[in-house]
Amino acid sequence: AGGVLGLLVLLGSFVYPLLVEPLFNDFEPLEAGALRTGVLELADAQGVDVDEVLVADASRRTTTLNAYVSGFGGTRRVVLYDTLVRDLPQDQALSVVAHELAHAQHDDVLVGSLLGAVGVAAAVGLAGVLLRRHDVRRAGTVPLLLAMLAVGTLLAAPIQNGLSRTVETRADVEALRATGDPEGFVELQRQLAVRSLSDLTAPEWYERAFASHPSALERISRSLRPWRRCTSWCR
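Residues numbered from 1 in each chain as written. Predicted model: local features only at pLDDT ≥ 70, side-chain atom pairs only at ≥ 80, totals over all residues. Heavy atoms only, no water.

Draft legend 1. Spatial organisation of the packing of aromatic side chains. Summed over the entire model, instances satisfying the criterion amount to three aromatic pairs. Arranged with centres 5.9 Å apart and planes meeting at 85°, the rings of W205 and Y206 form a pair that is edge-to-face. Note on Y206: relative accessible area 41%, which makes it partly exposed. Aromatic pair Y206 and F210: ring centres 5.3 Å apart, planes at 50°, arrangement tilted. Pair noted here: Y206 and F210 are both in helix α8 (residues 204-210), with a separation of four residues, about one helical turn. Using a relative accessible area of 38% as the deciding quantity, one classes F210 as partly exposed. Connected via pairs of aromatic rings, a cluster forms that spans W205, Y206 and F210. (Phe/Tyr/Trp six-rings, centres within 6.5 Å; stacked < 30°, edge-to-face > 60°. Buried < 20%, exposed > 50% of the residue type's maximum accessible area, 1.4 Å probe, protein only. Helix = DSSP H or I, 4+ residues; strand = E, 2+ residues; numbered from the N terminus.)

Right, dumping it as structure tokens:
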């Protein structure tokens, strides 16, 4: 069972951008211009082969500013939310794209999918060991299984989120190296924090345990360290 679920995790990573994304989004090629040129130049500088640069009609469902790189090999494409194209100046939009290209450069999605598959298989195997003295056909086993799932998820969260924050920090640093624009990065983080109503005063223990991304202030201070520059907002 663990092996089957692990394979499904991997399959989902490959199939999702090709079959699932088009069911819920309409995509159009990003029109020729400075933004498209900048995206392609960043992809070339970061060593990421890009097949297409598309705009998704995300504004139908959200005001979030986002972009992502989906697919593998020849199917890889950069997708920008229409909110990003419409609401952000080019320097900030390229900062988002550079971050996502950094993920693609290091195959973070593939590595994450492999780790997810291993984690699922291990969790199912552990559940089998812990339930070996219980009859899984009895209804009374269901609450025990759900309790194990809840406790296991809680205990695994700090490890999983710690790895995620490390990956996100690396992508921030790579993006700054690619764009050479710390001012645009700072303003982008401010915009993201405002739009998502981020809590900038969350306790550090909570961030360490349950945050999959570094806080806005942490991302700015850490990622700008090579430049030794910051704005009054991040201070």
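There's plenty left to go through after this.
Draft legend 2. Spotlight on the side chain of D181. Tracing the sequence through the fold places D181 in the loop between α6 (141-179) and α7 (182-195). Judged by relative accessible area, D181 falls into the buried class, the value being 18%. A distance of 3.1 Å separates a polar atom in the side chain of D181 from the backbone nitrogen of G184. With residues near it in sequence (within four places) discarded, D181 still touches D91 and L176. (Polar contact = N/O pair within 3.5 Å; in protein donor to acceptor, adjacent residues only side chain to side chain. Contact = heavy atoms within 4.5 Å.)

Draft legend 3. Fine view of the pattern of salt bridges. According to the stated counting rule, one finds twelve salt bridges in the structure shown. Across the pair R137 and D135 runs a salt bridge whose closest N-O atoms are separated by 3.1 Å. Classification of R137 by relative accessible area gives exposed; the value is 76%. A salt bridge links E218 to R208, with the shortest nitrogen-to-oxygen separation between them at 3.5 Å. Pair noted here: E218 is in helix α9 (residues 216-223) and R208 is in helix α8, with a separation of ten residues, a long-range link. (Salt bridge = Lys/Arg side-chain N within 4 Å of Asp/Glu carboxyl O.)

Draft legend 4. Region of the structure containing the environment of L131. Tracing the sequence through the fold places L131 in the loop between α5 (108-130) and α6. Taking C-alpha positions, L131 is 49 Å from L176, a pair spaced 45 residues apart along the chain. In contact with L131, not counting residues within four places along its chain, are T141, L144, L145 and M148.

Draft legend 5. Spotlight on the pairing of strand β2 (residues 52-56). Summarising burial for β2: four of the five residues are buried, a large majority. Alignment of β2 against strand β4 (residues 77-81), held across five bridges, turns out to be parallel. Looking at the pairing, V55 lines up with L80 of β4. (Pairing = 2+ DSSP bridges.)

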